[in-house]
Amino acid sequence: MQIDIIKRDLLLATRSKGDWVMGVIFFAVFLALAVIALGNDSALLRQIAPAIVWLAFLMSALLSFGQIFTQDYEDGTLAQILIFQQSPLKIVSAKFIAYIITALMPLWFAIPLAGLMFNLTIDVIAGLMLSVLIGLPAIAAYGIFASALTVVKGASGVLIVLICAPFLMPVLIFGISAVDIYTVEGLWSAPYKALFGLSLIACATALPAASASIKTGFE
Amino acid sequence: MITYLANPERFLRFARVAKPIFGVVALLSFVYGLWLSLIGSPPDYQQGHGVRMMYVHVPAAWCAMMAYTALTIASFVSFVWRHPLADIAARSFAVPGLAFTFLCLITGSLWGKPTWNTWWQWDGRMTSVLILFFIYLAYLSVGSLVSDKKKSARLASILAMVGFINIPIIKFSVEWWNSLHQPATISNFGAPGLPPEMLWPLLTMVLAYSTFFGWASMSAIQNQILSERTARAKRQTGAKITVDTL
């Protein structure tokens, strides 16, 4: 069942004539705007690059949360799946994986390019990619939760940001400190562990909560 | 106690007696506590008169966390047993809780300026309280998301329960991260905590804040029950008029 939903979402993404690229384009535009705003001081830029890239990643993710359930809700797919007595948790977990593959992985693969823009060393790029990868389940889980909460109302971007932001703040904090510490202490340092813990907590709380919200929405 | 009060009728009867008591206790302890904290207590040997900020800041922080905990319990009751009064209660705890959190942030920032020489520092405690503030805002905006009140209350209760993870983080943030904030002073038995002439005004202010919280949320619950009742009565007379004209 979950496999079917994931397959279907991937198929939809390949047939969407490149909707999934929009996130990457936003990511690039955000980075360009940030660099323009901060000036052309390459020493300063290299220092704060991990923070900017993390922020750009988070912003692109926040903007894409609204679309997770909207289409399926509007064309009735979600209702159909629920009518077939499928547990909403199955839908949510399938959507979680499909969302990571279709929306977050393209962004993740764009991180090395961002690293080139900022002239980062391989070490910092590796630390950045690892910290984003470990924090990625938390981002996706809270995004799916916010999207499921607001699905009955139709996607309302600002509200989704308001719901997600408090939960994603710790992820951002530990994600950025993880990059800073990677070159010194490597992958087994405290921020990476904290980030991993946050991701586990997010999967354990936000996914069941998302499933409960979808169930409530269709009552 | 809780099952007894779960009946709206009984709650109204209870509130008619308890609300004035809470209100009077809050008023008296505010007057006495403010007098104690502004005039009747000694200045700190390090902070001077700046320490008086503690008497408004610490109770606000405690009540903000207490209100969120109460909100989560009420949300849990409303989510599991679908009790309508729990919905109303949860929502009534949210507004005072938001106000306490705001007050806590503002007074903390005013206290931080003379003692730490900064309005704001992104340490664990301040960041987590700010997150609490945003969670309250998100809770309130989800609570009025859809026009179906029961549905939006249920959605909001889910959000409240997920957000509860933040409360232990606030509590332990001063122990996990070394920062400007000092660890808990009151609960450290044995260690030289607060002297009694400072502890007493603080406890009076805590009593004032908590009873005020009780008074405010009780009035909100009462108002909500009564307004729902009048709305129902209006609907019924409306239906009756329609039937009569038919």
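Quick caveat: nothing in here was measured; it's all calculated off a predicted structure.

### Let's talk about the overall build of chain B
When helices and strands are counted, chain B shows eight helices and zero strands. Going from the N terminus to the C terminus, chain B shows its helices and strands as α-α-α-α-α-α-α-α. When burial is assessed residue by residue, chain B has 44% of its 246 residues classed as buried. A separation of at least 24 residues holds for 76% of the contacts in chain B among residues at least 6 apart in sequence. By element, 70% of the accessible surface of chain B is carried by carbon and sulfur atoms, the whole surface being about 13,200 Å². Within chain B, one finds 19 positive and 9 negative side-chain charges whose respective centroids are separated by 9 Å.

### Some remarks on the overall build of chain A
Scanning chain A from terminus to terminus reveals nine helices and zero strands. Listing the helices and strands of chain A from first to last along the sequence gives α-α-α-α-α-α-α-α-α. Computed over C-alpha atoms, the radius of gyration of chain A comes to 18 Å, within 12% of the 17 Å expected from 2.2 N^0.38 for 219 residues, which places it in the range of a compact globule. Projected onto its principal axes, the C-alpha positions of chain A cover 55 × 35 × 30 Å. Buried residues in chain A amount to 51% of all 219 residues. Contacts spanning at least 24 positions in sequence make up 80% of the contacts within chain A whose residues lie at least 6 apart.

### Focus on the interface of chain A and chain B
Counting residues at the interface gives 23 residues for chain A, matched by 21 residues for chain B. Both sides together, the interface formed by chain A and chain B hides about 2,000 Å², and carbon and sulfur atoms give 83% of it. Where chain A touches chain B, the interface holds zero salt bridges. Linking chain A with chain B are one residue pair in polar contact (both at pLDDT 80 or more).

### Considering the pattern of salt bridges
Applying the stated rule across the entire model yields six salt bridges over all chains. The closest approach of N and O atoms between R8 of chain A and D9 of chain A, which form a salt bridge, is 3.3 Å. Overall, the relative accessible area of 29% leaves R8 of chain A in the partly exposed class. By relative accessible area, D9 of chain A is classed as buried at 13%. Between E9 of chain B and R229 of chain B there is a salt bridge whose closest N-O contact spans 3.0 Å. Of the two residues, E9 of chain B sits in helix α2 (residues 8-40) while R229 of chain B sits in helix α8 (residues 196-245), which places them 220 residues apart along the sequence. Take E9 of chain B: its relative accessible area is 36%, and that puts it in the partly exposed class. One salt-bridge network, in which partners are shared between bridges, spans R8, D9, D72 and K95 of chain A.

### Some remarks on the packing of aromatic side chains
Each aromatic ring pair is summarised here by two numbers: the centre-to-centre distance and the angle between the ring planes. Residue and element names in this part refer to chain B. For the coordinates displayed, the defined rule picks out 18 aromatic pairs over all chains. Ring plane angle 55° and centroid distance 6.4 Å describe the contact between F11 and F14, whose orientation is recorded as tilted. Here F14 and F11 lie together in helix α2, a separation of three residues that amounts to about one turn. Owing to a relative accessible area of 7%, F11 belongs among the buried residues under this scheme.

### Re helix α1 (residues 2-15) of chain A
Residues and elements named next belong to chain A. Taking 1.5 Å per residue as the helical rise, α1 with its 14 residues ought to reach 20 Å, and the 20 Å between its terminal C-alpha atoms agrees with that figure. Among the residues of α1, those classed as buried are I5, I6, D9 and A13. One side of α1 carries all its buried residues, which in axial view fall inside an arc of 100°. Exposed side chains of α1 directed beyond 90 degrees from the buried face belong to I3, K7, T14 and R15. Its buried side turned inward, α1 meets α4 (67-74), α5 (77-83) and α6 (88-117). Downstream of α1 by one or two residues, K17 has phi in the positive range, about 55°.

### Structural notes on the packing of α2 of chain B against α8 of chain B
A pair of packed helices is characterised by two quantities: the angle between their axes and the separation of those axes. Residue and element names in this part refer to chain B. Where α2 contacts α8, the two axes come as close as 7 Å, and the packing angle between them is 150°. Comparing their axes, α8 and α2 come out roughly antiparallel. The chirality of how α2 crosses α8 is left-handed. Residues of the contact of α2 with α8, tallied by class, amount to 25 nonpolar, nine polar and four charged.

### Quick word on a nonpolar patch on the surface
On the surface, Y32, L34, W35, L38, I39, W200 and L203 of chain B cluster together into a nonpolar patch covering about 750 Å² of accessible area. Per-element accounting of the nonpolar patch gives the leading share, five residues, to α2 of chain B.

### Quick look at helix α7 (residues 122-149) of chain A
Residue and element names in this part refer to chain A. Taking 1.5 Å of rise per residue, 28 residues should cover 40 Å, and α7 covers 40 Å from first to last C-alpha, within 8% of that figure. The largest bend along α7 measures about 40° and falls at G135, with the proline P137 one to four residues further on. Most of α7 sits inside the fold, with 22 of its 28 residues counted as buried.

### Structural notes on the confidence of the model for chain A
Residues shown with low pLDDT carry predicted positions that ought not to be read at fine detail. Chain-level statistics for chain A give a pLDDT mean of 88 and a share of 99% at 70 or above. Here α4 of chain A is the element of chain A with the lowest mean pLDDT, 84, and α7 of chain A is the one with the highest, 93.

### Brief notes about the side chain of D9 of chain A
All names here are of chain A. Here D9 is to be found in helix α1. A distance of 3.3 Å separates polar atoms of two side chains, one belonging to D9 and the other to R8. Non-local contacts of D9, meaning those with residues more than four positions away in its chain, are made with D72, K95, A98 and T102.

Basis of the calculations
- Residues numbered from 1 in each chain as written.
- Chains lettered and ligands numbered in written order.
- Predicted model: local features only at pLDDT ≥ 70, side-chain atom pairs only at ≥ 80, totals over all residues.
- Heavy atoms only, no water.
- Helix = DSSP H or I, 4+ residues; strand = E, 2+ residues; numbered from the N terminus.
- Buried < 20%, exposed > 50% of the residue type's maximum accessible area, 1.4 Å probe, protein only.
- Contact = heavy atoms within 4.5 Å.
- Areas by Shrake-Rupley, 256 points an atom, 1.4 Å probe, with all protein chains shown as cover.
- Lys, Arg positive; Asp, Glu negative; His and termini not counted.
- Charge placed at Lys NZ, Arg CZ, Asp CG, Glu CD.
- Rg over C-alpha atoms; globule rule 2.2 N^0.38 Å.
- Buried area = accessible area lost by both parts, 1.4 Å probe.
- Salt bridge = Lys/Arg side-chain N within 4 Å of Asp/Glu carboxyl O.
- Polar contact = N/O pair within 3.5 Å; in protein donor to acceptor, adjacent residues only side chain to side chain.
- Phe/Tyr/Trp six-rings, centres within 6.5 Å; stacked < 30°, edge-to-face > 60°.
- Expected span 1.5 Å × (residues − 1).
- Arc of directions from axis to C-beta.
- Axes fitted to C-alpha atoms, helices over the stretch in contact; angles between N-to-C directions.
- Parallel < 35°, antiparallel > 145°, perpendicular 65-115°, else oblique.
- Left-handed = near helix turned anticlockwise from the far one by under 90°.
- Nonpolar A, V, L, I, M, F, W, Y, C, P; charged D, E, K, R; others polar.
- Patch = residues over 30% accessible without salt bridge, like charges linked within 9 Å, V, L, I, M, F, W, Y side chains within 5 Å.
- Bend = angle between axes of the 7 residues up to and from the residue.
- pLDDT = per-residue confidence, 0-100.

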